[in-house]
Amino acid sequence: MPDTRPATAAIALGSNLGASADTIAAAAESLRAHPQICSLRLSPLYRTAPIGYADQPDFTNAAAIVETTLTARELLDLMQQTEQKFGRERPFPNAPRTLDLDLIDYAQTESADPALTLPHPRAHLRAFVVRPLADLDPAYPIGRHGTAAVLAAALGTEGITPM
């Protein structure tokens, strides 16, 4: 008999076009409304400078911890559908975006699949991911890199401001 217990997953949310804070809240509600999302906790919001392509507005970022009976791939598909619902376009890497949802972790699973690498390969290097996640669960592990709180402390607060 398949295991039907919910899995815990961490999602990073970001937006820098339009009413970003409202978009993040609405995207969280959209995910929360899915019948296989058992719970979703959303972190406080942060303002962060863009990475990579710098000629764009600052980002609004948050993290969510979800309990879900979706598989990792199904959750990723739902996240990509949600991005599309909010007008996500991908004209070039690191382009401005109405909504960006990244699957950071799914039940501490490790995967090297190019379609879904877990944990997210750069999450431990990004304060805009680990700081909001640490607000929700300081002990949340990011692969073998450490907990959200330890990583957030190591990355510091430069370039990330509570909203």
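Basis of the calculations
- Residues numbered from 1 in each chain as written.
- Predicted model: local features only at pLDDT ≥ 70, side-chain atom pairs only at ≥ 80, totals over all residues.
- Heavy atoms only, no water.
- UniProt positions renumbered as here; feature names shortened; annotations may be inferred.
- Helix = DSSP H or I, 4+ residues; strand = E, 2+ residues; numbered from the N terminus.
- Expected span 1.5 Å × (residues − 1).
- Buried < 20%, exposed > 50% of the residue type's maximum accessible area, 1.4 Å probe, protein only.
- Arc of directions from axis to C-beta.
- Contact = heavy atoms within 4.5 Å.
- Polar contact = N/O pair within 3.5 Å; in protein donor to acceptor, adjacent residues only side chain to side chain.

## Examining the UniProt feature "domain: 7,8-dihydro-6-hydroxymethylpterin-pyrophosphokinase" (unreviewed entry) in the chain
As recorded in UniProt, the feature "domain: 7,8-dihydro-6-hydroxymethylpterin-pyrophosphokinase" (unreviewed entry) lies at residues 11-138. Helix makes up 29% of residues 11-138 and strand makes up 29%, while its end C-alpha atoms are separated by 15 Å.

## So, helix H2 (residues 72-85)
When the terminal C-alpha atoms of H2 are compared, their 20 Å separation across 14 residues agrees well with the 20 Å that a helix rising 1.5 Å per residue should span. Taken as a whole, H2 has its buried residues at Ala72, Leu75, Leu76, Leu78, Met79, Thr82 and Glu83. Taken around the axis of H2, the buried residues stretch over an arc of 160°, which confines them to a single face. Away from its buried face, by an angle of more than 90 degrees, H2 presents the exposed residues Gln81 and Lys85. Taken together, the buried residues of H2 touch strand E1 (7-15), helix H1 (20-32), strand E2 (37-42), strand E4 (59-68), strand E5 (100-106) and strand E7 (116-118).

## Looking at the side chain of threonine 68
Topologically, threonine 68 is positioned in strand E4. From its side chain, threonine 68 meets the backbone nitrogen of leucine 70 in a polar contact 2.9 Å long. When residues no more than four places from it in sequence are discounted, the contact partners of threonine 68 are Pro6, Ala7, Gln36, Ile37, Cys38, Leu75 and Tyr106.

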